[in-house]
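Close look at the chain arrangement
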Amino acid sequence: MAEPFLGIARSLRGRAWRERPGDTRAAAAIAQSQGISDIAARVLANRGVTPETAASFLKPQLRTSLPDPSCLGGMDRAAERLAEAAEVGETVAVFADYDVDGATSAALLARFLRATGTDARIYVPDRLTEGYGPSEAAFDRLAAEGHRLVLLVDCGTTAFGPLAHAAGLGLECVVLDHHLPEIRLPEALAVVNPNRMDETGALGGLAAVGVVFLLVVAANRALRRRGHYRSRPEPDLRAWLDLVALGTVADVMALTGLNRTLVTRGLEVLAQRCNPGIAALLAAAGVERAPRAYHLGFVLGPRINAGGRVGEAGLGAKLLACDDPEEAQRLAETLERLNKERRQVEADVLAAALATAPEEDAAFAFAVGEGWHPGVIGIVASRLVDRYGRPALVGSREGSRIRGSARSVPGVPIGPAILAARNAGLLEAGGGHDMAAGFTLDAAKYSAFETFLAGRLAPLALAGKQAPPLDIDAGLTVAGASGGLLAHLQAVEPFGHGNPEPVFALPAVRVHYARIVGKNHVRADLADSGGGQLAAIAFRAAETPLGRALLETDRRALHVAGTLRADDWRGKGAVQLIISDAAPATP
């Protein structure tokens, strides 16, 4: 086993530092052939990019990356039915989940249908009164409104009862989803899901909005074949890649393969701010420069989600589908206000959840509280994962029922475990991804459910109980962490799940000044023997060993690791280090 990077076998966050493995000869060849800096080439090689694949990685092209949509089961049938609706001007009902993936999927369909000459009726269920996913009551309402075609986006794969009810009402339903399925499929005109048991899995990493984009491509092709565009302009589907990028990043899909192409091209579209809703939300959030993947996941995403969490569920989809700048501004301001409310609600629930810390040897954390707001329990579960380094479930008890969300860690798939518990009769509803899931539970079965999960997750969770190692891409001096380096690293973007931001280690730096800012964040100024200074911040760290070490400004040297980002607060090309970890520098 290789020696720990800088000799750090256990950091202030309990992690071993290791140099991310990479082929140095490949890095040199990439730098030479692509004309990029040595450090950017090294980051690429560290991520498995080879001299042969470097060009396509650095400049992904939609025309070579996009598959034929017909490769997915049910796609042709779904596309022909949507094209038929567009031809005759039939208003299509779109039933969407209330998260960002659902909102972007619904807005994409609304914009496509509007461009082809018809309309979409977007229906987003209320989290508090209707819960997750389609219901019989929702289908009753859509049928009463006179709809015949219902597209379900980012949900529906396991909605057997509601979809059977919809069929009985004469509704034609198309499911466009990516959540893990069971062996059987629900009753529907078509179920398009790259994770179906009869699929190859090649597109299994797509978000729902990626699946919807493929449907739009297929339906547009069908309309072209039918001659629909002889009397009207054909829409440029690339203009809506900003929505695809937003949904993909916010749903934490891996930014590799097709997803990397969709997000890269989508960020280019997003920089033009042609979507009035996105432009208004960026303005409300104070983002003036060209957005990066970070802004999609951590600035736009939470604000779009805020409507579904603590306000009106359909606000996000309505904003993203809106073409009126004044209406978009009003909606964006409402979401900005709701996001502030969400933060306070989240803080209150998190404090209560932390009061029920798991046992040291527990395979997962499980916190349940009376009346906790369902809109924030997923975020709180993520915070518990960060705190305890193991899967976490958070539930809100309402009478005899518990509605909950689960989040996990790499190597411990939570979605299949939840689905297995449902199949075992322990849950009323449940499902999700490897890293996230939702469930509804009869409170009387709480103990049985907890025991079932312990038996299924314990071997995996306890095997990886130690904090994961921190992979370091390279060491840097303070002077080396400059705006020029950020410019070089832009070639490797977008960063996110599957293509992580490079982590750099700054050896033996000293904290010249540190203070607590916001809620438990620690801002510091770092300096090394070269005399330069670098602004840094450690988020949610004030009450941790890392935060305490930064705040003890006694000039003791620290090895500090983190990622580099533009400092929008200081501006003028300033750079700051987002601190991931630190360790005392031994003499």
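I will try to describe carefully the structure that is included in this document. Since we're looking at a predicted model, the values are computed, not measured. (Residues numbered from 1 in each chain as written. Predicted model: local features only at pLDDT ≥ 70, side-chain atom pairs only at ≥ 80, totals over all residues. Heavy atoms only, no water.)

**So, the sheet that holds strand 3 (residues 120-123)**
Applied cut-off: DSSP calls a pair of strands paired once it identifies at least 2 bridges connecting them. Each helix is a run of DSSP H or I of at least 4 residues and each strand a run of E of at least 2, with the numbering of both proceeding from the N terminus. Convention adopted: a line fitted to C-alpha atoms gives each axis, helices being fitted over their contacting stretch, and angles between N-to-C directions are expressed from 0 to 180 degrees. Should any heavy atoms of two residues lie within 4.5 Å, those residues are considered in contact.
Taken in spatial order, the five strands line up as 3-2-4-5-6 in an open sheet, and their pairing is parallel. The open sheet terminates on both sides in strands that have one partner only, identified here as strand 3 and strand 6 (190-192). Each strand of the sheet is rotated relative to its neighbour by a mean of 20°, with strand direction disregarded. Across four bridges, the pairing between strand 2 (residues 92-96) and strand 4 (residues 149-153) is parallel. Looking at strand 4, one finds that F95 is bridged to L152. Relative to the sheet, helix 7 (residues 136-144) contacts strand 2, strand 3, strand 4 and strand 5 (172-176), its axis offset from that of strand 3 by approximately 155°.

**Focus on helix 9 (residues 208-225)**
We apply this condition: Expected span of a helix: the number of residues minus one, times 1.5 Å. Only protein chains enter the accessibility calculation, which uses a 1.4 Å probe; a residue whose area is less than 20% of its type maximum is buried, one above 50% is exposed, and one in between is partly exposed.
The end-to-end C-alpha distance of helix 9 is 26 Å, a good match for the 26 Å that 18 residues give at a rise of 1.5 Å each. Taking burial as the measure, the 18 residues of helix 9 include 15 buried ones, the bulk of the element.

**Some points on the packing of aromatic side chains**
One pair of aromatic rings is described through two measures. These are the centre distance and the angle between the planes. Heads up, the condition is: Aromatic pairs are defined between Phe, Tyr and Trp rings, using the six-membered ring for Trp, whenever the two ring centres lie within 6.5 Å; interplanar angles under 30 degrees are classed as stacked, those over 60 as edge-to-face, and all others as tilted. Whether a charge sits over a ring comes down to the Lys NZ or Arg CZ being within 6 Å of the ring centre and within 35 degrees of the ring normal.
Going through the model one piece at a time under the given rule, you end up with nine aromatic pairs. Ring centres of F95 and Y123 lie 5.4 Å apart, and the angle between their planes is 15°; on these two criteria the pair is classed as stacked. Remark: Y123 occurs in strand 3 and F95 occurs in strand 2; sequence separation between them is 28 residues. For the residue pair F95 and Y123, the accessibility class agrees, reading buried in each case. On the numbers, 5.4 Å between centres and 25° between planes, the contact of Y294 with F298 is stacked. One end of the pair is Y294 and the other is F298, both in helix 13 (residues 293-310) and four residues apart, which spans about a single turn. We classify F298 as exposed; its relative accessible area is 59%. It is R260 that lies over the ring of F57; its NZ or CZ is 3.6 Å from the centre.

**Overview of the state of the cysteines**
Defined as follows: The disulfide definition used here is simple: a pair of cysteine sulfur atoms within 2.5 Å.
Scanning the entire structure with this criterion turns up zero disulfides. C173 supplies the cysteine sulfur nearest to C155, a cysteine that is in no disulfide, at a spacing of 10 Å. The exposure class assigned to C155 is buried, which follows from its relative accessible area of 1%. You can see C322 has no disulfide; the closest cysteine sulfur is in C274, sitting 15 Å from it. A relative accessible area of 10% means that C322 is categorised as buried.

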